[in-house]
Amino acid sequence: LKTCYAFFNEPYMTYWSMPVTVVGISEIKSVGSPGVLTLDYNKEFEFVGMGVSDGDLAYWVTDEAKVDLDCSSDSPFRTNLDGFVNSDGKATFYSSDLNYAGQTFQLCYKFGQESPKLYPEFTLSLKTLGSFIATGGSNTTSVAGTKKQFKLIGGQVSPGDRAKWVEGVIDDAGCVGAFAGGILN
């Protein structure tokens, strides 16, 4: 934006050497839901908006945060969920802190040297899986060709979540196309 200024009753004059850039986050993108982070999983988020730059800092504060000042470095609402934004507007987040599991956080974003800005409209839920307990028999064995029910204890399970038992998988990406030995409904 260009600066236009008028001294009292004088006409406006454009001051080309005094531009101002307006910055802001308008959207967050990720593989899967941009509002979910899974415990013990590195997940990359893309920050879309005006002025998103390499070296910006994106981080998450507890949902008790209400104003921009709650994003300050000494804020009691601050978490260790933070990431530096790269030149593609992306940052990777990770947490292994079980105390954060099941909580919802709000985005704070620091554009370069500007003060951080709270974006309460962008939230992140940290989820983890509890444990499977068989309704009968062993928790770790199932007989081929028979149905067996498992109950999930703990964690943050939601309708639409999926689980399957597979073999030969060496990383998380391998789960996508792997043949399922069993499917959880």
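To start, this report covers the structure provided alongside it. Quantities reported herein were computed from a predicted structural model and do not represent experimental measurements. (Residues numbered from 1 in each chain as written. Predicted model: local features only at pLDDT ≥ 70, side-chain atom pairs only at ≥ 80, totals over all residues. Heavy atoms only, no water.)

Describing an aromatic ring pair means giving the distance of the ring centres and the angle of the ring planes. Applying the stated rule across the entire model yields nine aromatic pairs. Ring geometry for Trp60 against Phe93: centres 6.1 Å apart, planes inclined by 70°, an arrangement best described as edge-to-face. In this pair, Trp60 sits in strand β6 (residues 57-62) while Phe93 sits in strand β8 (residues 90-93), placing the two residues 33 residues apart along the sequence. A relative accessible area of 0% means that Trp60 is categorised as buried. An angle of 50° between the planes, with centres 6.1 Å apart, marks the rings of Tyr119 and Phe122 as tilted. Both residues of the pair, Tyr119 and Phe122, belong to the buried class. Of the aromatic side chains, those joined through ring pairs into one cluster are Phe45, Phe47, Trp60, Phe93, Tyr109 and Phe111. (Phe/Tyr/Trp six-rings, centres within 6.5 Å; stacked < 30°, edge-to-face > 60°. Helix = DSSP H or I, 4+ residues; strand = E, 2+ residues; numbered from the N terminus. Buried < 20%, exposed > 50% of the residue type's maximum accessible area, 1.4 Å probe, protein only.)

In this section: the sheet that holds strand β7 (residues 78-84). Hydrogen bonds between backbone groups are what pair the strands of a sheet, and the pairing can be parallel or antiparallel. One open sheet accounts for five strands, arranged β4-β10-β9-β6-β7; its pairing is mixed. Lying at the two open borders of the sheet, with one neighbouring strand each, are β4 (36-38) and β7. Sheet twist, expressed as the average angle between the axes of neighbouring strands with direction ignored, equals 35°. Two strands pair when backbone bridges link them, and β6 and strand β9 (residues 104-110) are joined in this way by six bridges, in the antiparallel orientation. Across the sheet, Trp60 pairs through a bridge with Leu107, a residue of β9. (Pairing = 2+ DSSP bridges. Axes fitted to C-alpha atoms, helices over the stretch in contact; angles between N-to-C directions.)

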